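The chain contents come next:
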Amino acid sequence: MKKITHILTPELRNELKHPLGLLISGSSKEVICKLEEMVNSIKPKKIISVGDVVSRSMLERKLPLNVFIIDNKSMRKNIEPLPFKADKTLKLVNPAGTIMKEAWQIIDEAINSEGLVKVMVDGEEDLLTIVAVLLAPENSIVVYGQPDKGVVVINVTKEIKRKMYKIVSRMRYKSED
C-alpha cells in the first residue's frame, strides 16, 4: 500500500499565515469568552481544537470539546504537557510542513470516537487543522490559535470544505511504498 505525504509549498506557507476562518482577537480572557458565546449560540455537532494554548484555554474554561490536537509546543518551543485527562489518546507522527497519510486515519478515528479525545502529535500539528475541517461533520467548528492575534474559528460547511480541499490539492505529494 502506498503512503502519500502532502508537503507544504512556500507559496501555500505564505497563504496559510492568514486566518482560514473568523479571527477572534483581544485579551486571552476576552477571546475565550467570545468563543464560549459562539459555542453556546451555534451549538456545533463537534468541537475540535488544534494547538496547545487554545486547547488549554478551552479545557480550563470547561468548554465542550470533542477532540484536541496538540504537540506539547507553542511557537515551536517545548511547553508543559497539558494536565487534562482524555477518554482516549491517539498518537501521530507528523513532521513540520506535512500532512502524513496516517493523520487522516487518526483524526477520523478521533472525530468519530465518544468522549474527549486527545491526539498527541510527534512533530507539528498546524496543518492538521485542514484535515480536521475536511473530516469533521458539517455544522462543527475547528478552533486554532493565530500567534499574537487570538484564535480562529472555522465553521465547517460545504464551502469551507471545498476551500480546504483546494489547499490540499495544491500541496506537493510524496509517495512511498
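Residues numbered from 1 in each chain as written. Predicted model: local features only at pLDDT ≥ 70, side-chain atom pairs only at ≥ 80, totals over all residues. Heavy atoms only, no water.

Let's shift gears to the overall build of the chain. Counting its secondary structure elements, the chain contains six helices and 12 strands. Its C-alpha atoms give the chain a radius of gyration of 15 Å, near enough to 16 Å, the size a compact globule of 177 residues would have. Evaluated residue by residue, the chain yields a buried proportion of 46% over its 177 residues. For the chain, long-range pairs separated by at least 24 residues make up 71% of all intrachain contacts whose partners lie at least 6 apart in sequence. In the structure as shown, the chain presents an accessible area of about 9600 Å², 52% of it carried by carbon and sulfur atoms. One way to put it: in the chain the 29 positive side-chain charges average out to a point 2 Å from where the 23 negative ones average out. (Helix = DSSP H or I, 4+ residues; strand = E, 2+ residues; numbered from the N terminus. Rg over C-alpha atoms; globule rule 2.2 N^0.38 Å. Buried < 20%, exposed > 50% of the residue type's maximum accessible area, 1.4 Å probe, protein only. Contact = heavy atoms within 4.5 Å. Areas by Shrake-Rupley, 256 points an atom, 1.4 Å probe, with all protein chains shown as cover. Lys, Arg positive; Asp, Glu negative; His and termini not counted. Charge placed at Lys NZ, Arg CZ, Asp CG, Glu CD.)

So, on to the pattern of salt bridges. In this structure the tally under the stated criterion is five salt bridges. With its nearest N and O atoms 3.8 Å apart, the salt bridge here joins Lys-158 to Glu-138. Here Glu-138 lies in the loop between helix 5 (128–135) and strand 10 (141–146) and Lys-158 lies in helix 6 (residues 158–169), a separation of 20 residues in the sequence. Since its relative accessible area comes to 54%, Lys-158 is described here as exposed. One connected set of salt bridges, linked through shared partners, spans Glu-11, Glu-15 and Arg-170. (Salt bridge = Lys/Arg side-chain N within 4 Å of Asp/Glu carboxyl O.)

Packing of helix 4 (residues 101–111) against helix 5 brings their axes to within 10 Å, and their N-to-C directions diverge by 55 degrees. Relative to helix 5, helix 4 is oriented oblique. When you trace helix 4 past helix 5, the crossing you get is right-handed. In contact with Ala-103, Trp-104, Ile-107, Asp-108 and Ile-111 of helix 4, helix 5 contributes Leu-128, Val-131, Ala-132, Leu-134 and Leu-135. (Axes fitted to C-alpha atoms, helices over the stretch in contact; angles between N-to-C directions. Parallel < 35°, antiparallel > 145°, perpendicular 65-115°, else oblique. Left-handed = near helix turned anticlockwise from the far one by under 90°.)

For the rest of this paragraph, the subject is the packing of helix 5 against helix 6. Interaxial distance between helix 5 and helix 6 falls to 9 Å at its minimum, and their mutual angle equals 135 degrees. The pairing of helix 5 with helix 6 is recorded here as oblique in orientation. When the axes of helix 5 and helix 6 are compared, the crossing they make is left-handed. Counted together, Ile-130, Val-133, Leu-134 and Leu-135 of helix 5 and Ile-160, Lys-161, Met-164, Tyr-165, Ile-167 and Val-168 of helix 6 form the full contact between these two elements. Class assignment of the residues belonging to the contact of helix 5 with helix 6 gives a composition of nine nonpolar, no polar and one charged. (Nonpolar A, V, L, I, M, F, W, Y, C, P; charged D, E, K, R; others polar.)

Moving on to the environment of Lys-73. Along the chain, the position of Lys-73 falls in strand 5 (residues 73–74). On the accessibility criterion, Lys-73 (29% relative accessible area) is partly exposed. Linking Lys-73 and Ile-141, residues 68 residues apart in sequence, is a C-alpha distance of 22 Å. What Lys-73 contacts, discounting residues up to four positions off in sequence, is Asp-52, Asn-78, Ile-79 and Gly-123. In terms of polar contacts, Lys-73 uses its side chain to reach the backbone carbonyl oxygen of Gly-123, at 3.4 Å. (Polar contact = N/O pair within 3.5 Å; in protein donor to acceptor, adjacent residues only side chain to side chain.)

Spatially, seven strands are ordered 2-11-10-3-4-9-7 in an open sheet, and the strand pairing comes out mixed. Each edge of the open sheet carries a strand with a single partner, namely strand 2 (22–25) and strand 7 (88–94). On average, adjacent strands in this sheet sit at an angle of 20 degrees to one another, irrespective of strand direction. Pairing analysis gives six bridges linking strand 10 to strand 11 (residues 150–155), with the strands arranged antiparallel. Considered in strand 11, the bridge of Val-142 is made with Ile-154. Packed on one face of the sheet, helix 2 (residues 28–42) meets strand 2, strand 3 (47–50), strand 10 and strand 11 and runs near 135 degrees to strand 2. (Pairing = 2+ DSSP bridges.)

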